[in-house]
Amino acid sequence: MRRWLFCAGVACTSQAAQATAADAAPDAAVDAGALLVQAAEASRTRNYQGVVIYRGDERFEVLRVQHRYKDDSERERMVSLTGDPRQLLRIDNRLISITPKGRSISAERPSLKGFLAQLTVERVEQLKAHYEFRSEGEGRIAGRPCNGVSVRPKDKYRYGYEVWTDQETRLPLKISLTGPRREVLEQVMFTEVAYPKSIPDEAFETEVDIRKFNLITRNLPKLDDVPAADPHGEPQVTLGKLPPGFKVVMHDDRLLADGSGNVEHLLLSDGLSSISVFSTVRSQEAKGVNGPSHIGAVQAYGTVVGSFHVTIVGEVPGAAIKMIGDNLRVPIPGQDGAASTPAGSNERPPAQDIAAPSTAATPR
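Read on for an overview of the structure. Nothing here was measured: the structure is a model prediction, and the numbers come from that model.

1. Some points on the pattern of salt bridges
- The full count for this structure, using the stated rule, is 17 salt bridges.
- One salt bridge in this structure joins Glu-132 and Arg-134, with 2.9 Å as the shortest N-O distance.
- Accessibility expressed as a relative area gives 33% for Glu-132, which makes it partly exposed.
- Look at Arg-134 and you get partly exposed, because its relative accessible area is 34%.
- Close ionic contact of Arg-158 with Asp-155 constitutes a salt bridge, the shortest N to O distance being 2.8 Å.
- Linked through salt bridges whose partners overlap, the residues forming this network are Glu-136, Arg-152, Glu-162 and Arg-182.

2. Focus on the pairing of strand 9 (residues 172–178)
- Summarising burial for strand 9: seven of the seven residues are buried, a large majority.
- With six bridges joining them, strand 8 (residues 160–166) and strand 9 adopt antiparallel strand pairing. Bridging from a neighbouring strand, Tyr-161 pairs with Leu-177 of strand 9.
- Looking at chain direction, strand 9 and strand 10 (residues 184–194) are connected through five bridges and run antiparallel. Its bridge partner being in strand 10, Leu-177 is matched across the sheet by Glu-186.
- Hairpin remark: strand 9 followed by strand 10, antiparallel, with five residues in the connecting loop; positive phi at Arg-182, about 65°.

3. Some remarks on the packing of aromatic side chains
- In this structure the tally under the stated criterion is one aromatic pair.
- The interplanar angle of 80° and the centroid separation of 6.3 Å between the aromatic rings of Tyr-48 and Phe-190 together place this pair among those described as edge-to-face. On the criterion of sequence distance, the pair formed by Tyr-48 in strand 1 (residues 48–56) and Phe-190 in strand 10 is long-range, its members being 142 residues apart. For the pair shown, Tyr-48 and Phe-190 are each scored as buried.

4. Digging into unusual backbone geometry
- Backbone geometry at Asp-92 places phi at a positive 55°, although glycine is not the residue there.
- Take Asp-92: its relative accessible area is 33%, and that puts it in the partly exposed class.
- Even without glycine at this site, Arg-170 takes up a positive phi of about 70°.
- Structurally, Arg-170 can be placed in the loop between strand 8 and strand 9.

5. Some words on the pairing of strand 1
- For strand 1, the tally of buried residues reaches seven of nine residues, placing the bulk of the element in the interior.
- The pairing of strand 1 with strand 2 (residues 59–70) spans nine bridges and is antiparallel. Along strand 2, the bridge assignment pairs Ile-53 with Val-62.
- Judged from the eight bridges that link them, strand 1 and strand 10 form a sheet pairing that is antiparallel. The residue bridging Arg-55 from the neighbouring strand is Gln-187, located in strand 10.

6. A word on the side chain of Arg-254
- Structurally, the position occupied by Arg-254 is in strand 13 (residues 247–255).
- In terms of polar contacts, Arg-254 uses its side chain to reach the side chain of Asp-252, at 2.2 Å.

7. Remarks on the nonpolar core
- Ranked by internal contacts, the top residues of the largest apolar core, which has 21 residues, are Leu-36, Leu-119, Phe-133 and Val-151.
- The set of elements that each furnish at least two residues to this core consists of helix 2 (32–45), helix 3 (121–127), strand 6 (131–141), strand 7 (144–153), strand 8 and strand 9.
- Ranked by residues supplied to this core, first place goes to helix 2 with six residues.
- In this structure Phe-133 touches Ala-32, Gly-33, Leu-36, Val-124, Leu-127, Lys-128, Ser-150 and Val-151, once residues within four positions along its chain are discounted.
- Grouped together as the second largest cluster of nonpolar side chains are 19 residues, Val-237, Leu-268, Val-305 and Phe-308 included.

Criteria and thresholds
- Residues numbered from 1 in each chain as written.
- Predicted model: local features only at pLDDT ≥ 70, side-chain atom pairs only at ≥ 80, totals over all residues.
- Heavy atoms only, no water.
- Salt bridge = Lys/Arg side-chain N within 4 Å of Asp/Glu carboxyl O.
- Buried < 20%, exposed > 50% of the residue type's maximum accessible area, 1.4 Å probe, protein only.
- Helix = DSSP H or I, 4+ residues; strand = E, 2+ residues; numbered from the N terminus.
- Pairing = 2+ DSSP bridges.
- Phe/Tyr/Trp six-rings, centres within 6.5 Å; stacked < 30°, edge-to-face > 60°.
- Polar contact = N/O pair within 3.5 Å; in protein donor to acceptor, adjacent residues only side chain to side chain.
- Core = buried A, V, L, I, M, F, W, Y, C linked by side-chain atoms within 4.5 Å.
- Contact = heavy atoms within 4.5 Å.

Here is the structure:
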């Protein structure tokens, strides 16, 4: 699931950017940040279709993508051409993943719909506090002349990116997630791309018997929305210290798929990178992830905080994950913030002090 959402970052964004692709002449010198904003807008408003390849996590996949913008609404469909049949359908900010039944799927991918999600002129200016934007000159992807831009982190708490955009349309044709030495951790690249004037509704219909497949739906958060009152109240686990620039952008509380309890989800973001914090009441019998681990570029950290087992997952360096994990607390009602149970403690606060929220839904 994680790589599917990363792939979707090549082809989608959910907010209108301030600059349009049509404003930039192909041969004009373009500011690196402005070019990314134009790429975000092109991803949202262009009709396009083609074949993309994904590599990362010792995996290689080939996918077919179709994207349409019509009547101020986006529709996108990605279909695997290798391995088990899988599809991802996106309608505006709603994602539907279609995978074979019995296949293990991780729905804990901390993502805001890919690298270009919700990128605006204002957000680029904010990101300059933690990232450096540079032009990488010209290149050629899928037979199309392109301009390159790199986004380099200024500290050890986030990864970098390299983006190559079509000079004519500004559509991003290649996106790489890069590590501390600018090594490629993940990469999505078009090998074929076309820009049809229209794409029929039939192109977004499934070609499989959905009775034999799992459908997982999720709504992607919008960072620019005015925050509403949190229906879940205060988080059951508090974050004592966060990497610079990160803040909570979503708080969700859902029933576990097997009905055995609830899981609370806090989504953190610096406007570009994202981290998820999952907490659930600890079972005496259950053995969760403890300590650091990783799968490719995704880092994870598991720990016990009072009555809760907490798992932190993010496509960020391990230093960011560990900082959060080492500074978790369980607040004790009726006392100030200093009175809490720290991460790793086996002390269990009274059961009545930590009641599991009652919201019921399937985590996604």
